[in-house]
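# Geometric and topological summary
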Amino acid sequence: MSAAGAPIAGPTTALVIIDLQNDFLDATGAYARGGDTNPPALLLPERVAAVARALKAAGGLVVASQFTLWPDASGAPMISPHLKQLRPYLAQGDFAPGSWGQANVDALAGLVDVAVAKVAYSAFFNTQLDWVLRRAGIDTVAVCGIVTNGGVASTVRDAHMRDYRTLVLEDGCAAFGEERQQISLADMRNVAEVVACDGFVRLLT
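Residues numbered from 1 in each chain as written. Predicted model: local features only at pLDDT ≥ 70, side-chain atom pairs only at ≥ 80, totals over all residues. Heavy atoms only, no water.

With that settled, consider the layout of surface pockets. To find the voids left in a structure, one rolls a probe of water-molecule size over its atoms. Reported here for the largest pocket is a volume of approximately 630 Å³. Around the largest pocket, the lining is made up of 28 residues, and of these F24, Y31, R87, Y121 and V147 lie nearest the centre. Classifying every residue of the lining of the largest pocket by side-chain character gives 15 nonpolar, 7 polar and 6 charged. (1 Å grid on protein atoms, 1.4 Å probe; cavity = no way out; pocket = protein on both sides within 12 Å on 5 of 7 lines; lining within 4 Å. Points joined across faces, edges and corners; volume = space filled by probe spheres on them. Nonpolar A, V, L, I, M, F, W, Y, C, P; charged D, E, K, R; others polar.)

Once that is clear, we can look at unusual backbone geometry. A negative phi angle is the norm for most residues apart from glycine, just as the trans form is the norm for most peptide bonds. The residue after I146, namely V147, is reached through a cis peptide bond having omega -20 degrees. Looking at the element boundaries, V147 is found in the loop between β4 (140–146) and α6 (148–161). Located in the positive-phi region is F95, a residue other than glycine, with phi close to 55 degrees. Along the chain, F95 turns up in the loop between α4 (81–86) and β3 (114–118). Taking relative accessible area as the criterion, F95 reaches 0% and is therefore assigned buried. At N126, a residue that is not glycine, the phi angle is positive and equals roughly 55 degrees. (Helix = DSSP H or I, 4+ residues; strand = E, 2+ residues; numbered from the N terminus. Buried < 20%, exposed > 50% of the residue type's maximum accessible area, 1.4 Å probe, protein only.)

This structure, assessed with the given rule, holds 9 salt bridges. Residue D19 pairs with K118 through a salt bridge whose shortest N-O separation is 3.0 Å. Of this pair, D19 sits in the loop between β1 (13–18) and α1 (22–25) while K118 sits in strand β3, and the two are 99 residues apart along the sequence. No difference in accessibility class separates D19 from K118, as the two residues are buried. D36 serves as the salt-bridge partner of R87, at 3.3 Å between the closest nitrogen and oxygen. Residue R87 is found in the loop between α4 and β3, and its partner D36 is found in the loop between α2 (30–33) and α3 (44–57); the two are separated by 51 residues along the sequence. (Salt bridge = Lys/Arg side-chain N within 4 Å of Asp/Glu carboxyl O.)

Here it is in structure tokens:
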């Protein structure tokens, strides 16, 4: 792992934005309709967009993962059993590929270079993310988005296992509850550098 505070080379760095999508965050999205709201997450899009603009100006790559519920032959969403238990309200059309709900929030418009559809917590699981990063010459990955103890943590650990220099943007991610947020960040310090969004931008070269 690189020393905390070491400079970050823009052209070999990717910002990986986890699941900042309409169905998660919009007031009319699937989660809000189901009664699940995450107020700290609503502050993330503009904050993350500012980081994305800074990285793009430094020659870096911006990637977004989009949680996706693929439809089966009847049109019903194929939902993992654990998710169905946690979010029983998810229904046909929610997070459907190509839908408004699956799309990134408006704050990220024009900033995302590559989007990958994912079906589990990690943005690396059964996606082309690693291939894209290797092809683009990326050796450093900064992860942000939602939720900290789910998609963010899983992606961070998978990036670490693939020998990327891995950073977590601590105020660029959010969990359902401050205690979960802080525990997750503390745990990720074992495999990643935890930095604030403005600190990340200052390290860019």
